[in-house]
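Read off the chains here:
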Amino acid sequence: IPIMPSTPDAPPSPILDARELSVAFDTTPVLDHISFSLPAGASLAVIGPNGAGKTVLFRALLGAVPHTGTVRWAPGVRIGYVPQKLDIERDIPITGRDFLTARLAVDRAAVERPDIAAVLRLVGLSEDTSRKPIGTISGGQFQRLLVAFALLGNPTVLLLDEPTAGIDQPGEERLNAMLHRLQEERGLTILLISHELTIVHAYATHVLCLGSGPAFFGPPSILTPDLLANLYREPVSVHAHTHAH
């Protein structure tokens, strides 16, 4: 009987593989041949100046805008999306719990899904806060509510478009720590649009830099002063630090 030589284990298939992804509106290119691949459990920070196409990238990954190239998600992926802005009037008379209950009503077919109380605990919102009208809670609490809304779908991947925009620094730090904890505890893959370069160094495993020139993809160590200056067209300083687990 012939003995086959042993071969090393093949690397696991990526949870997301984007190849030559391009988006144009009319004749104006927004994304031009973007390619990157992510393993399950990764944390990708998408950075770049305003107008670089970061939100358009997310919409292309979700299949919400026409694009060329390929976007391949691993089989069985469940995606949760937290937009930068939600088209909902904050002064409508519904509570946070009403908002979450409506999410469950829309998704009756879901087999495994957490209940509202469990999701509120995950994002650090109290029952009392969830029963207040959404117009009376803070910006940070509302962002946590949006994350809870996404988590009710029991996602394996979470896309967050500048989730800390408009939140004060303490609220921002709490939200980032909460997202990192969720990633570690639940094995989530996270894609995050952010302008906070310190957070990128603290939490991201991968970085995608979008600007007027070619895109750059790699570990956070690629964020050299020269690359950031070219990306933002002005000098940028960032203090890298290691997050304490």
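What you see is a predicted model, and the numbers here were worked out from it, not measured in a lab. (Residues numbered from 1 in each chain as written. Predicted model: local features only at pLDDT ≥ 70, side-chain atom pairs only at ≥ 80, totals over all residues. Heavy atoms only, no water.)

**Quick look at the confidence of the model for the protein**
Logical step 1: On average, the protein scores 85 in pLDDT, and the residues at 70 or more come to 86%.
Logical step 2: Within the model, pLDDT remains below 50 along residues 1-7, and this stretch shows zero contacts once partners closer than five positions in the same chain are excluded. (pLDDT = per-residue confidence, 0-100. Contact = heavy atoms within 4.5 Å.)

**Re the sheet that holds strand β2 (residues 28-38)**
Logical step 1: The strand order across the open sheet built from three strands is β2-β1-β4, with neighbouring strands paired in antiparallel fashion. Each end of this open sheet is capped by a strand with a single partner; those strands are β2 and β4 (68-73). Here the average twist between neighbouring strands, direction ignored, is 20°.
Logical step 2: Each of β1 (16-25), β2 and β4 is contacted by helix α1 (residues 54-61), which is oriented at about 120° to β1, the strand it contacts most. (Pairing = 2+ DSSP bridges. Helix = DSSP H or I, 4+ residues; strand = E, 2+ residues; numbered from the N terminus. Axes fitted to C-alpha atoms, helices over the stretch in contact; angles between N-to-C directions.)

**As for the sheet that holds strand β5 (residues 79-82)**
Logical step 1: One open sheet holds the six strands; their spatial order is β5-β6-β7-β3-β8-β9, and the pairing between them is mixed. Each having just a single partner strand, β5 and β9 (216-218) make up the two edges of the open sheet. Across the sheet, the mean angle from the axis of one strand to that of its neighbour is 10°, orientation sign disregarded.
Logical step 2: In this structure, β5 lies alongside strand β6 (residues 157-161), joined through four bridges in parallel fashion. Of the residues in β6, the one forming a bridge with Tyr 81 is Leu 159.
Logical step 3: Against the sheet, α1 makes contact with β3 (43-47), β5, β6, β7 (189-193) and β8 (206-209), and its axis sits at roughly 145° relative to β7, the strand it touches most.
Logical step 4: Packing against the sheet, helix α5 (residues 139-151) makes contact with β5 and β6, and its axis sits at approximately 160° to β5.

**Let's talk about helix α8 (residues 225-232)**
Logical step 1: Of all the positions in α8, only Leu 227, Leu 228, Leu 231 and Tyr 232 are classed as buried. Projected down its long axis, α8 carries its buried residues within an arc of 115°, all on one side. Looking at α8, the residues exposed on the side facing more than 90 degrees away from the buried face are Pro 225, Asp 226 and Asn 230.
Logical step 2: Immediately downstream of α8, the backbone of Arg 233 shows phi near 60°, a positive value. (Buried < 20%, exposed > 50% of the residue type's maximum accessible area, 1.4 Å probe, protein only. Arc of directions from axis to C-beta.)

**Overview of the pairing of β3**
Logical step 1: Most of β3 sits out of view: five of its five residues are buried.
Logical step 2: By the alternation rule, side chains of β3 split into Ser 43, Ala 45 and Ile 47 and Leu 44 and Val 46, which are all buried.
Logical step 3: Pairing of β3 with β7, which is carried by four bridges, proceeds in the parallel orientation. Looking at the pairing, Leu 44 lines up with Leu 191 of β7.
Logical step 4: Bridge count for β3 against β8 is four bridges, and the pairing is parallel. Paired with Ile 47 across the two strands is Cys 209, which belongs to β8.

**Remarks on the side chain of Arg 144**
Logical step 1: With respect to the helices and strands, Arg 144 occurs in helix α5.
Logical step 2: Excluding anything up to four places from it in sequence, Arg 144 contacts Val 123, Gly 124, Leu 125, Arg 174, Leu 175 and Met 178.

**Some words on helix α3 (residues 116-123)**
Logical step 1: Taken as a whole, α3 has its buried residues at Ile 116, Val 119, Leu 120, Leu 122 and Val 123. End-on view of α3: buried residues confined to an arc of 155°, all on one side of the axis.
Logical step 2: At its buried positions, α3 is contacted by α2 (96-106), α4 (127-130), α5 and α6 (169-186).
Logical step 3: One side-chain oxygen of the residue at the start of α3 lies 3.3 Å from the amide nitrogen of Ala 117, identifying that residue as Asp 115.
Logical step 4: After α3 finishes, the residue Gly 124 shows a positive phi value of roughly 75°. (Polar contact = N/O pair within 3.5 Å; in protein donor to acceptor, adjacent residues only side chain to side chain.)

**Quick word on the nonpolar core**
Logical step 1: In this structure, Leu 100, Leu 145, Val 147, Leu 151, Leu 158, Leu 160 and Leu 179 are the most contacted members of the largest nonpolar core, which totals 30 residues.
Logical step 2: Elements supplying a minimum of two residues to this core: α2, α3, α5, β6, α6 and β7.
Logical step 3: Top contributing element to this core by residue count: α5, with seven residues.
Logical step 4: Setting aside its immediate chain neighbours within four residues, Leu 100 contacts Ile 116, Leu 120, Leu 145, Ala 148, Phe 149 and Leu 152.
Logical step 5: Core analysis: the next-biggest nonpolar cluster, separate from the first, contains 25 residues, Ala 18, Ile 34, Val 46 and Phe 58 among them. (Core = buried A, V, L, I, M, F, W, Y, C linked by side-chain atoms within 4.5 Å.)

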